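Structural characterization, general
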Amino acid sequence: MSKIPVTVITGFLGAGKTTLIRHVLGHARGKRIALVINEFGDLGVDKEVLAACGEETCREEDMIELSNGCICCTVADDFIPTMETLLGRDERPDHIIIETSGLALPQPLIRAFNWPEIKSQVTIDGVVTVVDAAALSEGRFAADEQAVARQRAADAMLDHATPLGELFKDQLVAADLLVVNKADLVSNDVLDAVEGRLRAEARPGTGLVRAHNGHVDIAALLGLGIASEDHLEGRDSAHELEHGGEGHEHDDFDSFSIALPAGLDRDELLGRIEAAIRAHDVLRLKGFAALPGSDARLAIQAVGPRINAWFDRPWKPGEDRATALVVIGESPLDRAAISARLMGDARAAVAAE
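Everything numeric here is computed off the predicted structure, so don't read it as measured data.

With that out of the way, let us pick up the overall build of the chain. Helix and strand counts for the chain stand at 14 helices and twelve strands. When the 353 residues of the chain are sorted by exposure, 56% land in the buried category. Relative to all contacts within the chain whose residues are 6 or more apart in sequence, the contacts with residues 24 or more apart total 78%. Carbon and sulfur atoms make up 48% of the accessible area of the chain, which amounts to about 14900 Å² in all.

Below, the structure written as structure tokens:
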């Protein structure tokens, strides 16, 4: 029996991993694709977005969600049993896609494919890291934007002394293929500069493709045949090199969910989200909203100051029409102040700040 190929898709918060996967599902050409989705935070947004795509390859029974825990920290408890469940099905998938949390180190996951329970049945077809070209050009991946500006002036891409910079570099060195997403949002000169810095950080020979809205030819993503688990040289994360392979903690990051009252129109809701992001340097915000007079659900994805919102599907009969968001940022998040701004209580927000 041949091994089932697995594509690991990783990348920083909001780079476009879910959009890329949705594009792959829509162009699967008859392949049975199973998805393992690793959420950070307790609202299953990515699974909901994928399940709403309307394609035969978006069947909910083919999606397994690992919530409330980074996949790289729960290999034995969650990941291995999940893979055993997929491999034990009568209808085995032709291909498996794993979407990691934006906060995950890919390296422990790659090594997990050498575990005896699964090694004889699956192989990593390739590790794909998605990056946000527009965000990189703005230096959005460091806590101190003034420090980023100084680093950019010195032609360095990130301030790697920050946890976010270290994490991003680890995702680059793990990659077999870099997808430079949102390439249409920057000029060609800026894009060339961003790609030059990416190549300097990535391992020699790492592939690179540009993408608009996650659209990449499926032939460039699937069927790479790399067997990444057998080629670990040069993929060590900074944390592993410093701590001898010990597990890492996510104390540098924080997340929480919040439900907002019904009745907010689109402009008011997005205005509150923008105000909260700008006031508290929120890294990522995502979720769904119920708008008055609308029978469709509004999907919301925000990275830094950029907010995208679209109606992804009609509300299902009997479904709770509610607005629920996940907020992700560097720890500690000022939950009281952020919540007050999202709830529209400006006075409480100022007091909390």
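Compared with an ideal rise of 1.5 Å per residue, which puts 15 residues at 21 Å, helix 12 (residues 266–280) spans 21 Å between its outermost C-alpha atoms and is within 8% of the ideal. Listed in full, the buried residues belonging to helix 12 are Leu269, Leu270, Arg272, Ile273, Ala276, Ile277 and His280. Mapping the buried residues of helix 12 onto a view down its axis gives an arc of 155°, with all of them on the same face. Helix 12 presents Asp267 and Arg278 as exposed residues on the side facing more than 90 degrees away from its buried surface. At the N-terminal end of helix 12, a side-chain oxygen is found 3.3 Å from the backbone nitrogen of Asp267, two or three residues along, and the residue is Asp265. One or two residues past the end of helix 12 sits Asp281, with phi positive at roughly 50°.

On a regular strand, each side chain points to the face opposite its neighbour's, so the side chains alternate between the two faces of the sheet. Taking burial as the measure, the six residues of strand 2 (residues 33–38) include six buried ones, the bulk of the element. Residues Ile33, Leu35 and Ile37 of strand 2 are buried on one face, and the alternating residues Ala34, Val36 and Asn38, pointing to the opposite face, are buried as well. Note: strand 2 against strand 4 (residues 95–99), five bridges, orientation parallel. Paired with Val36 across the bridge in strand 4 is Ile98.

Our next topic: helix 1 (residues 17–26). Burial within helix 1 is extensive, with seven of its ten residues counted as buried. Listed in full, the buried residues belonging to helix 1 are Lys17, Thr18, Leu20, Ile21, His23, Val24 and Leu25.

Moving on to the environment of Gly271. The topology assignment puts Gly271 in helix 12. C-alpha of Gly271 to C-alpha of Arg341: the two residues are 70 residues apart in sequence and 9.9 Å apart in space.

Considering all chains together, one arrives at 13 salt bridges under this definition. Lys182 is the partner of Asp132 in a salt bridge, and the nearest nitrogen-oxygen pair spans 3.0 Å. Of the two residues, Asp132 sits in strand 5 (residues 122–132) while Lys182 sits in the loop between strand 6 (177–181) and helix 9 (188–201), which places them 50 residues apart along the sequence. Each of the two residues, Asp132 as well as Lys182, counts as buried. For Arg321, the salt bridge identified is with Asp295, shortest N-O distance 3.2 Å. Residue Arg321 is found in the loop between strand 11 (306–314) and strand 12 (323–330), and its partner Asp295 is found in the loop between strand 9 (284–289) and strand 10 (296–303); the two are separated by 26 residues along the sequence. Classification of Arg321 by relative accessible area gives partly exposed; the value is 41%. Here Asp295 falls in the exposed class, since its relative accessible area comes to 56%. Three or more residues joined by partner-sharing salt bridges are found here, namely Arg32, Glu91 and Asp94.

Once that is clear, we can look at the packing of aromatic side chains. Per the stated rule, a full pass over the model turns up zero aromatic pairs. Between the NZ or CZ atom of Arg297 and the centre of the ring of Phe288, over which it lies, the distance is 3.7 Å.

Here the focus is the confidence of the model for the chain. Per-chain confidence: the chain averages 77 in pLDDT, with 73% of residues scoring 70 or above. Taking the mean pLDDT of every element in the chain, the minimum, 40, falls on helix 7 (residues 145–153) and the maximum, 94, on strand 6. Between residues 142–162, whose pLDDT stays under 50, and residues either more than four places distant or in other chains, the model counts 33 contacts.

Let us now look at unusual backbone geometry. At Lys182, a position not held by glycine, the phi torsion is positive, near 60°. Since its relative accessible area comes to 14%, Lys182 is described here as buried. Residues other than glycine seldom take positive phi values, yet Ala227 does so here, at roughly 55°. Positionally, Ala227 belongs in the loop between helix 10 (218–221) and helix 11 (238–243). Here Ala227 falls in the buried class, since its relative accessible area comes to 17%.

Reading guide: rules and limits
Residues numbered from 1 in each chain as written. Predicted model: local features only at pLDDT ≥ 70, side-chain atom pairs only at ≥ 80, totals over all residues. Heavy atoms only, no water. Helix = DSSP H or I, 4+ residues; strand = E, 2+ residues; numbered from the N terminus. Buried < 20%, exposed > 50% of the residue type's maximum accessible area, 1.4 Å probe, protein only. Contact = heavy atoms within 4.5 Å. Areas by Shrake-Rupley, 256 points an atom, 1.4 Å probe, with all protein chains shown as cover. Expected span 1.5 Å × (residues − 1). Arc of directions from axis to C-beta. Polar contact = N/O pair within 3.5 Å; in protein donor to acceptor, adjacent residues only side chain to side chain. Pairing = 2+ DSSP bridges. Salt bridge = Lys/Arg side-chain N within 4 Å of Asp/Glu carboxyl O. Phe/Tyr/Trp six-rings, centres within 6.5 Å; stacked < 30°, edge-to-face > 60°. Lys NZ or Arg CZ within 6 Å of the ring centre and 35° of its normal. pLDDT = per-residue confidence, 0-100.

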